[in-house]
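# Coordinates in review
Here is how the chains run, residue by residue.
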Amino acid sequence: MEQATRLSPAKLVLTSVLEPKDELNEKLERCYNTVAGIQNSLSEREANDALNSYACRGTPQHEEVQLGLLYGILTDPKMAPKHYRDVTLVSRDGLTIVLTKTNQLIFEKWLKLLDSTRSQIVWICKELIQNGILGADSVCHSLIRQIAGGDITPKNIWLTEVMVDIFTENRPWLDKFPNLLSTVVYTYLRVIVDHYGQMFNNLRQKEVELCISILREKWTDCQAVGRDLVRLLQNVARIPEFEKLWRDMMLNPAAICPTFTGVQQLMHTRTSRKFLISRLTPDMENKLVFLITKVKFGQHKKYQDWFQRQYLATPESQSLRCDLIRYICAVFHPPNELLCSEIIPRWAVIGWLLTTCTSNVAASNAKLALFYDWLFFDPERDSIMNIEPAILVMFHSIRPHPAITATLLDFLCRIMPNFCLPLREQVKQGIYTSLKIILEKRVLQSLSPLFDNNKLDQELRILIRENFNEFCSQEVVKEESMNNKDMIEIDNGNHVENNLSDAAFSDEEDDIPLEKLRPDCTFQPIRDTRYDPVDLDEFLQQLGGDIYEYTVQLRDEKDQEIQCEVMDRLLQTILREDECDQDMTVPLAACICQILSNQLNSNLFPKDPDEESLEDSIGSPLFVMFRFLTTMPEEDPNRQPILQLMGEMFTRQARIGYYLLYFIKVGKVNDEKMNTYKDFCKSLDNKDLSSCLMRDIKLCQEDDVRLFTFLMPDIYTIFPNIAIGNVELLHMIVSAIDGTQLQELICQILQGHLVMFRKDSFLSILNGSLEWETLEQYFLWQLISAHNIPVDYIMPVLPKLDYSAHAEALSSILVLLKQEGPSTDLIRPILCRDYKKTDFFAVSILKYWAQEYEDKLAEIILAQVSKMNGTPKKRQRVGNAGAKKDGVSIDQILSHLDHMRQVCKNISFLNNENIQHALQQVHQVSNETLKTKFSDLLALADDIEADFKSVRVLRGVPARKAANASAAMGLDIRNPRKTSKKVVQESSGSTDSSDDEEIKPRPKKRKKAIPVDDDSD
């Protein structure tokens, strides 16, 4: 009774009186009332006619009827068959609305749905499958996504069992959907391990039989899962049916599938994100994403506790940790802004999942999930973001949780020989490659803090050196080897062994909450390791006089304004004659770098840049030195001691370079050409301006992409000879920026503050970009489009582009050509492309131009053919008649026209008078080989003269009679349709610009409105 008073009478979802009414439930109920009103007091036939009549009034009414009938199915099981029959009769969209709304209910409302509603959704799924409705597989995807791992509650077990029954009963239907098939295998292989115990024997057997039958019969489809399929199969390897499968996989892989070569084939295939996502319910994924994108480090404890209580509180739920770790490592890759923010980093969340694990088996599986992408890591196919969390968990746990670092390092050492004996060398190579990429990408500056750490047990350090000798410090190795004998003698039975089982993840480690470790665990692995701290007292002893006094004041002073004043007095002292020689410059630079290390390692660029915050950002003592230097005349000899000091500081702290660039831009100094920076580069030994600038920009890009983007307009404006046309710099930009920063750059381009391309170097940029990642290429083409670069500059690269390998470039060029009209200069490189049956580039743009500029395009093609036919006979070749110096041939022209004929339906372009003349010319002068090859195309021009004579005779006949007569003769005498766009006239008097001419944004020409059914940008 109490529950009845507390809950509202909603028929779909369970809500309390304190919650607002569910909008979706209300909407469906209103639709149902409308349908009930239409059907009231009518016979079944009359009711169907009334519903059809109402649905035909428009889209809203059609949707209203379908949603009303769906609500009836979900709330009234007895009337569900009738409602389902009605909705199939009324639907005019293949039940798309019903499918969409059903999926929405499953994704958004499943946890709140009444048990009866859940049962009816499953009933709908069965009906959709039995009736072969297109899209039924999407409902199955949604339902198995709600099967939670590590959950053996009755509701979850019911859904698991009812879905396995559906797939078993409808196996022929399931085989038609490879994506669903592989997801089903992945799901049930994962949850089998949760269903141990006598009560689940029946369900477990059903799951095993379904998985084995699919794996045996549809191995090729299952193989698409990739390396995580091996991980799941390892978990169930002791089940007899899977044990036989493993024996075949290792000893006779061809028995499973003729194209299957062994486990290594699966391990080299990266698992798609969709499979890893499928093992978290939508609600669980939303909560996890909130935790790793919205919660600040230090404020995360309560959110983690809630997540623990909600999803990880039971012994069975320990297996869920693997799914969470795989999702964090391989699915969620945070952008640079998130990495640099105060949000809790991925490694901290994984550390929490490891430290709160209470099962040794689950802990081992969690470690395997963490390192799984290391085992066969390939930089060409895998992302460094997949392996980054593991190394950072170990690095940041050295101080607060050395046992975690120890157990992870021990696991990494032992997994190499023990993961798979036949593949031990490949596993070792994969782990070595991972460590090399970590060092190359500077995720960690050095592995020495991990592999040479004194906090590790002696036996573990020996094990690490045996397996990772090339990554250990050689000095430490020699020292350890010299002392190893003494260490063994001291042991003599009294040594207490450091049992790595002490590092088992249990609740005992909760005594040290993660938030207390924040000072040592801030997510700045790169910033914390680039600068080696020095002994300040040692260098202070090498200073003397006032320089010593001011340096000590600078060290001891905590107020930044007073520090700036002390720095100014220190610089004044340096300029005095004989006060600072070369011997004193080195220790002084070391002292200043050490004193200002916190400022040099903190974020320089403000989060919300405005005039005030930018000015505040250069208020530290370091920028006093920069201002001091920029205010001195260039010819002043006193600049040299300051430049020498900055040069020595630069050798210890490389950020000095781009900090100076930032100061000159923001500091409102009279140095528009950045001569101070140029002088600074000249003062460095063996450093030219170009290499200095590129090194500083690259370091800035690695540290802070927002600051890097902020500096770009000035870099391109002040250093055009270095920046414009620099493929390396452009790749740095597009590989680092996101959508927001791309927008900033485009705004700068449109305002005229940024010019990134020059005609003489543009083709080299295009050629260099062809090997970039897809997103990087699309960012480049966005920048190109913002400059309004003439398409003529791009066309020379067109013939070399491959339709499959260079899809990004070709699709972008297609969009640019779509905005242009046909011209001889544009059509020539298009026709120069070799004809391939699967290459639709040329046929697509020619078809579009044929719709918009039919007469102009036909005239140009006729001119090209006439030009080819004008070639002397002795210069023609069989199959390549009329080959010209520019590479266009009759064969290529005819190939593309014939491709249009085959691909494009209802094309009237080939009936154009000019095209007919061109085909007639080719027919008259071509050899038999060419005529045979293009017989179907040239047949369009047969008897053209007789046709034209017939048309001339009909000119005196009234229009209607002429049309009838021509129709009877099989002719089409309609006038070629007028183009819908004005033909762009080519300029004949344009002058060629110099090779060094910069490509500046130009205003777009106005065009007429594009028809509704045309594609647009």
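Source: prediction; values computed, not measured.

### Overview of the overall build of the protein
Within the protein, the secondary structure is distributed over 58 helices and zero strands. Relative to its full complement of 1017 residues, the protein shows a buried share of 51%. Contacts spanning at least 24 positions in sequence make up 73% of the contacts within the protein whose residues lie at least 6 apart. Accessible surface for the protein amounts to roughly 49,300 Å². Of this, 49% is attributable to carbon and sulfur atoms.

### Considerations on the pattern of salt bridges
Summed over all chains, the structure comprises 39 salt bridges. The shortest N-O distance in the salt bridge between Arg190 and Asp323 comes to 2.7 Å. Note that Arg190 is positioned in helix α11 (residues 178-192) and Asp323 in helix α20 (residues 320-330), a separation of 133 residues in sequence. The exposure class of Asp323 is buried, given its relative accessible area of 4%.

### Points about the environment of Asp373
Relative to the elements of secondary structure, Asp373 occurs in the loop between α23 (360-371) and α24 (384-396). Taking the C-alpha atoms as reference, Asp373 lies 6.5 Å from Asn386; in sequence the two are 13 residues apart. At 2.9 Å, the side chain of Asp373 and the side chain of Arg227 are in polar contact. There is a polar contact of 3.4 Å between the side chain of Asp373 and the side chain of Asn386.

### Some details on unusual backbone geometry
A positive phi angle, near 65°, is found at Leu95, a position not held by glycine. Of note, Leu95 is situated in the loop between α5 (80-90) and α6 (96-109). For Leu95, a relative accessible area of 3% translates into the label buried. Not every positive phi belongs to a glycine, and Asn788 is a case in point at roughly 55°. Relative to the helices and strands, Asn788 resides in the loop between α47 (774-786) and α48 (791-794).

### Regarding the packing of aromatic side chains
What the rule picks out here adds up to 29 aromatic pairs. On the basis of an interplanar angle of 55° and a centroid distance of 4.9 Å, the ring pair of Phe307 and Tyr311 is categorised as tilted. You can see Phe307 and its partner Tyr311 sitting in helix α19 (residues 301-311), four residues apart, about one turn around the helix. Each member of the pair, Phe307 as well as Tyr311, carries the same accessibility label: buried. Summarising the aromatic geometry, the rings of Phe650 and Phe680 are spaced 5.8 Å apart at their centres and angled 80° between planes, so their arrangement reads as edge-to-face. One end of the pair, Phe650, is in helix α38 (residues 639-652); the other, Phe680, is in helix α40 (residues 675-683), and 30 residues separate them in sequence. Since its relative accessible area comes to 0%, Phe680 is described here as buried. Chaining the aromatic ring pairs together yields one cluster made of Phe623, Phe626, Tyr658, Tyr659 and Phe663. The ring of Phe710 is capped by Lys665, whose NZ or CZ atom sits 4.6 Å from the centre of that ring.

### Overview of the nonpolar core
Counting 168 residues, the largest nonpolar core has Phe242, Ile391 and Phe468 as its most contacted members. Discounting residues that sit within four places of it in the chain, Ile391 has contacts with Trp374, Leu435, Ile438, Val443, Leu444, Leu447 and Leu450. Among the nonpolar cores identified, the runner-up in size contains 153 residues, and Met646, Leu766, Ile813 and Val843 belong to it.

### Things to note about a negative patch on the surface
Taken together, the side chains of Asp608, Asp610, Glu612, Glu615 and Asp616 define an acidic patch exposed on the protein surface. Topologically, Asp610 is positioned in the loop between α35 (597-600) and α36 (611-617). Look at Asp610 and you get partly exposed, because its relative accessible area is 40%.

### Details of helix α33 (residues 560-575)
Across its 16 residues, α33 extends 23 Å between first and last C-alpha, which sits within 8% of the 22 Å expected from 1.5 Å per residue. All of the buried residues in α33 are Gln563, Cys564, Val566, Met567, Leu570, Leu571, Thr573 and Ile574. The residue sitting at the N-terminus of α33 and contributing the capping side-chain oxygen is Asp559; that oxygen lies 3.1 Å from the backbone nitrogen of Glu561.

### Some remarks on the side chain of Lys847
Along the polypeptide, Lys847 turns up in helix α51 (residues 841-852). A residue is classified by how much of its surface remains accessible, and Lys847, at 19% relative accessible area, is buried. With residues up to four places along the chain from it excluded, the contact list for Lys847 reads Met900, Cys904 and Ile907.

### Things to note about the environment of Gly351
Looking at the secondary structure, you find Gly351 in helix α22 (residues 346-355). Residues Gly351 and Ala390, spaced 39 residues apart in sequence, show a C-alpha to C-alpha distance of 9.3 Å.

### Looking at a nonpolar patch on the surface
Taken together, Tyr803, Phe840 and Val903 make up a surface patch of nonpolar side chains, about 220 Å² in accessible area. Structurally, Val903 can be placed in helix α53 (residues 890-903).

### Let's talk about the packing of helix α3 (residues 44-55) against helix α4 (residues 59-75)
For any two helices packed against each other, one specifies the crossing angle of their axes together with the interaxial distance. Two elements in contact, α3 and α4, have axes whose closest approach is 7 Å; the angle formed by their N-to-C orientations is 140°. Judged on the interaxial angle alone, α4 and α3 are oblique. Along its contact with α3, which presents Leu51, Tyr54 and Ala55, the element α4 presents Gln61, His62, Glu64 and Val65. A per-class count over the contact of α3 with α4 returns four nonpolar, two polar and one charged.

### Some details on the side chain of Arg326
Relative to the helices and strands, Arg326 is located in helix α20. Of note is the side chain of Arg326, whose polar atom sits 2.8 Å from the side chain of Asp228. Those residues in contact with Arg326 that lie beyond four places of it in its chain are Asp228, Arg231, Leu276, Val331, Ala369, Tyr372 and Asp373.

### Digging into the packing of helix α37 (residues 621-630) against helix α39 (residues 656-666)
Running from amino to carboxyl end, α37 crosses α39 at an angle of 65°, the nearest separation of the two axes being 10 Å. α39 is crossed by α37, and the crossing has right-handed handedness. Residues Leu622, Phe623, Phe626, Arg627 and Thr630 of α37 form the contact with α39, whose own contacting residues are Ile656, Tyr659, Leu660 and Phe663. Looking at the contact of α37 with α39 residue by residue, the classes come out as seven nonpolar, one polar and one charged.

### Here's the deal with α5
The α-helix winds at 3.6 residues per turn, so residues separated by three or four positions along the chain end up facing the same way. Along α5, the residues classified as buried are Ala80, His83, Tyr84, Asp86, Val87 and Val90. Buried residues in α5, looked at end-on, bunch into an arc of 160°, giving them a common side. Looking at the buried residues of α5, the elements they touch are α2 (23-39), α3, α4, α6 and α7 (115-130).

### Some details on the environment of Leu554
With respect to the secondary-structure elements, Leu554 resides in helix α32 (residues 545-556). C-alpha of Leu554 to C-alpha of Cys564: the two residues are 10 residues apart in sequence and 8.5 Å apart in space. With residues up to four places along the chain from it excluded, the contact list for Leu554 reads Gln563, Val566, Met567, Ile595 and Pro621.

### Quick word on the confidence of the model for the protein
For the protein, mean pLDDT is 81; residues scoring 70 or higher make up 83% of the total. Here residues 871-885 is modelled with pLDDT under 50, and outside its nearest four sequence neighbours on either side it reaches 25 contacts, counting other chains as well.

### Digging into the state of the cysteines
Disulfides are covalent bonds that link the sulfur atoms of two cysteine residues. Overall, the coordinates contain zero disulfides when judged by the stated rule. For the unlinked cysteine Cys472, the closest cysteine sulfur is that of Cys413, found at 8.9 Å. For Cys472, a relative accessible area of 5% translates into the label buried.

About the thresholds
Residues numbered from 1 in each chain as written. Predicted model: local features only at pLDDT ≥ 70, side-chain atom pairs only at ≥ 80, totals over all residues. Heavy atoms only, no water. Helix = DSSP H or I, 4+ residues; strand = E, 2+ residues; numbered from the N terminus. Buried < 20%, exposed > 50% of the residue type's maximum accessible area, 1.4 Å probe, protein only. Contact = heavy atoms within 4.5 Å. Areas by Shrake-Rupley, 256 points an atom, 1.4 Å probe, with all protein chains shown as cover. Salt bridge = Lys/Arg side-chain N within 4 Å of Asp/Glu carboxyl O. Polar contact = N/O pair within 3.5 Å; in protein donor to acceptor, adjacent residues only side chain to side chain. Phe/Tyr/Trp six-rings, centres within 6.5 Å; stacked < 30°, edge-to-face > 60°. Lys NZ or Arg CZ within 6 Å of the ring centre and 35° of its normal. Core = buried A, V, L, I, M, F, W, Y, C linked by side-chain atoms within 4.5 Å. Patch = residues over 30% accessible without salt bridge, like charges linked within 9 Å, V, L, I, M, F, W, Y side chains within 5 Å. Lys, Arg positive; Asp, Glu negative; His and termini not counted. Charge placed at Lys NZ, Arg CZ, Asp CG, Glu CD. Expected span 1.5 Å × (residues − 1). Axes fitted to C-alpha atoms, helices over the stretch in contact; angles between N-to-C directions. Parallel < 35°, antiparallel > 145°, perpendicular 65-115°, else oblique. Nonpolar A, V, L, I, M, F, W, Y, C, P; charged D, E, K, R; others polar. Left-handed = near helix turned anticlockwise from the far one by under 90°. Arc of directions from axis to C-beta. pLDDT = per-residue confidence, 0-100. Disulfide = S-S within 2.5 Å.

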